[in-house]
Amino acid sequence: MKEKAPLTMKDIAHELGVSVATVSRALKDSPRISAERRSAIQKYAREHNFTPNTIAESLRFARVQPVKAIGVIMPEFTHFYFSSVLSGIEEEASSRGYRILVAQSGESYEREVSICHSFYENKVCGIIVSQAKDTHRYDHFQMLLDNGLPLVFFDRICTGIDASRVVVDDYMGAFNAVSYMIETGCTRIAFYGSSMTLEISKNRFNGYKDALLKHGLQYDPELTFICDNRTDAEAITPNVLKRDMPPNGFFAINDDTAIGILYTAKRMGFHVPNDIAICGFTNGQRAVACDPMLTTVEQRGKRVGEEAASILIDQVEGHIPSDKVIKRVVRTRLVVRGTTK
């Protein structure tokens, strides 16, 4: 069911039989409008929860070329991958005359919904988003599409919504990384991943599992863990390494998790990579700041951001039909460093 579009000044003008200019002036308490009419318009706006379109208002009275704004929703800003994606979005948008408004969901579904409505009310041209971990309902995304607002997902895509998306080849990135670990001597490789409700986690897990099977190793569910951050990695890895048959390799869904494994293994007296090999997924700055430096799958976040912004702007400007769904895959590459042989 479609959500009702927010009330506009045009709607108020139509209902009260006045011009849009009169509504605008009344809402600004202009003395050019009689006190009685100002009061009636302001009362109607309050009763119908009218939210001023601040961006559209600034464009309407701009003396220069109107600023074109794109909304961007990130799960978090501190993660290297998301910051690199943002850099790519900003560069592509700026080169084409657009500005970006950025908000952080903090992995919260409720916050993500609120941001979507805020961006819509402020009349951004379109929205680029990577969904929050706990997002399991998608009405807020469908509302945007139903009301004609272009939407492009990146990284964490929403399979329940028919919208354009840009992803990296998560499956092949994981498959190639785990294959390399096996080919360099690993026989028991643990997988640290996110919830399987996220497509990226499913794809990386499937790449991990298929690499094992291709190389004749049996998949062991006891070596699969829901763990996608350094804190959790440092908490669970000691018990994993104390098993009678501990893994001699770890494949982690991101670099921070892999670094948590690395530092835990070193504290416990294991030599990396002779005793244990470790591979991450991101290739952020921290990958070269640890000792030994981290083998990882490079995601090319900046390229993802450029592609997402390019698709969105092409849809906004009509170069891509509004009802056409564009799917682009950015290739990864394995960067071999000191945590693998």
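Residues numbered from 1 in each chain as written. Predicted model: local features only at pLDDT ≥ 70, side-chain atom pairs only at ≥ 80, totals over all residues. Heavy atoms only, no water.

## What to know about the overall build of the chain
- In terms of helices and strands, the chain carries 12 helices and 12 strands.
- When its C-alpha atoms are laid out on the principal axes, the chain stretches across 85 × 35 × 35 Å.
- At a minimum sequence separation of 6, the contacts of the chain that also span at least 24 residues come to 71%.
- Entry remark: accessible area of the chain is about 16,300 Å², with carbon and sulfur atoms responsible for 49%.
- Separation of charge centres in the chain, based on 42 positive and 41 negative side chains, amounts to 5 Å. (Helix = DSSP H or I, 4+ residues; strand = E, 2+ residues; numbered from the N terminus. Contact = heavy atoms within 4.5 Å. Areas by Shrake-Rupley, 256 points an atom, 1.4 Å probe, with all protein chains shown as cover. Lys, Arg positive; Asp, Glu negative; His and termini not counted. Charge placed at Lys NZ, Arg CZ, Asp CG, Glu CD.)

## Quick word on the sheet that holds strand S1 (residues 68-74)
- Read from one edge to the other, the open sheet built from 6 strands follows the order S2-S1-S3-S4-S5-S11, with strand pairing classed as parallel. Strands at the two margins of the open sheet, each flanked by one partner only, are strand S2 (98-104) and strand S11 (327-330). Strand after strand, the sheet turns through a mean of 20° between neighbouring axes, direction not considered.
- Note that strand S5 (residues 164-168) and S11 share 4 bridges and pair parallel. Pairing of Arg 165 across the sheet is with Lys 327, part of S11. (Pairing = 2+ DSSP bridges. Axes fitted to C-alpha atoms, helices over the stretch in contact; angles between N-to-C directions.)

## With respect to helix H9 (residues 199-214)
- Over its 16 residues, H9 runs 22 Å from end to end, which matches the ideal 22 Å to within 8%, given 1.5 Å per residue.
- Turning to H9, its buried residues are Glu 199, Ile 200, Ser 201, Arg 204, Phe 205, Gly 207, Tyr 208, Ala 211 and Leu 212.
- Where H9 is buried, its residues touch S5, helix H8 (170-183), strand S6 (189-193), strand S7 (224-226), strand S8 (249-252) and strand S9 (277-282).
- Directly after H9, the chain includes Gly 216, whose backbone phi takes a positive value near 80°. (Expected span 1.5 Å × (residues − 1). Buried < 20%, exposed > 50% of the residue type's maximum accessible area, 1.4 Å probe, protein only.)

## Considerations on the nonpolar core
- Counting 63 residues, the largest nonpolar core has Ile 128, Ile 189, Tyr 192, Tyr 208, Phe 250, Phe 251 and Ile 278 as the members making the most contacts within it.
- Judged by nonpolar contacts, the second largest core, of 20 residues, contains Tyr 120, Leu 151, Cys 158 and Ala 163. (Core = buried A, V, L, I, M, F, W, Y, C linked by side-chain atoms within 4.5 Å.)

## A look at the packing of aromatic side chains
- The final tally for this structure, using the stated rule, is 13 aromatic pairs.
- Ring centres of Phe 82 and Phe 154 lie 6.3 Å apart, and the angle between their planes is 70°; on these two criteria the pair is classed as edge-to-face. Within this pair, whereas Phe 82 is found in helix H5 (residues 80-95), its partner Phe 154 is found in strand S4 (residues 151-154), the two being separated by 72 residues in sequence.
- Taking relative accessible area as the criterion, Phe 82 reaches 3% and is therefore assigned buried.
- The buried category is assigned to Phe 154, whose relative accessible area is 0%.
- An aromatic cluster is defined as three or more aromatic residues linked by ring pairs; in this entry it consists of Phe 191, Phe 205, Tyr 208, Tyr 219, Phe 251 and Phe 281.
- Its end group placed over the ring of Tyr 98, Lys 68 keeps NZ or CZ at 4.5 Å from the ring centre.
- The cationic tip of Arg 230 hangs over the ring face of Tyr 263; the distance from NZ or CZ to the ring centre is 4.9 Å. (Phe/Tyr/Trp six-rings, centres within 6.5 Å; stacked < 30°, edge-to-face > 60°. Lys NZ or Arg CZ within 6 Å of the ring centre and 35° of its normal.)

## Digging into the side chain of Thr 295
- Here Thr 295 is to be found in strand S10 (residues 295-298).
- Only 2.7 Å separates the side chain of Thr 295 from the side chain of Thr 340, close enough to count as a polar contact.
- Each residue touching Thr 295, except ones within four places of it in the same chain, is listed here: Ile 278, Cys 279, Gly 280, Leu 334, Val 335, Val 336, Arg 337, Gly 338, Thr 339 and Thr 340. (Polar contact = N/O pair within 3.5 Å; in protein donor to acceptor, adjacent residues only side chain to side chain.)

## Comments concerning the sheet that holds S7
- Taken in spatial order, the 6 strands line up as S7-S6-S8-S9-S10-S12 in an open sheet, and their pairing is mixed. Looking along the sheet, the strands with just one partner apiece sit at the ends: S7 and strand S12 (333-335). Strand-to-strand twist across the sheet, computed as the mean angle between neighbouring axes with direction ignored, equals 20°.
- Summarising the sheet, S10 and S12 pair through 3 bridges and their orientation is antiparallel. Looking across to S12, one finds that Val 297 is bridged to Leu 334.
- Lying on the sheet, H8 is in contact with S6, S8, S9, S10 and S12; it crosses S9 at an angle near 165°.
- Sheet strands touched by H9: S6, S7, S8 and S9. Its angle to S6, the strand with the most contacts, is close to 175°.

## Quick notes on the environment of Arg 38
- Within the secondary structure, Arg 38 sits in helix H3 (residues 35-47).
- Along the sequence, Arg 38 and Glu 110 sit 72 residues apart, while their C-alpha atoms lie 36 Å from each other.
- Excluding residues within four positions of it along the chain, Arg 38 makes contact with Ala 26, Asp 29, Ser 30, Pro 31 and Ile 33.

Note that all results are geometric; they support no functional claim without further evidence.
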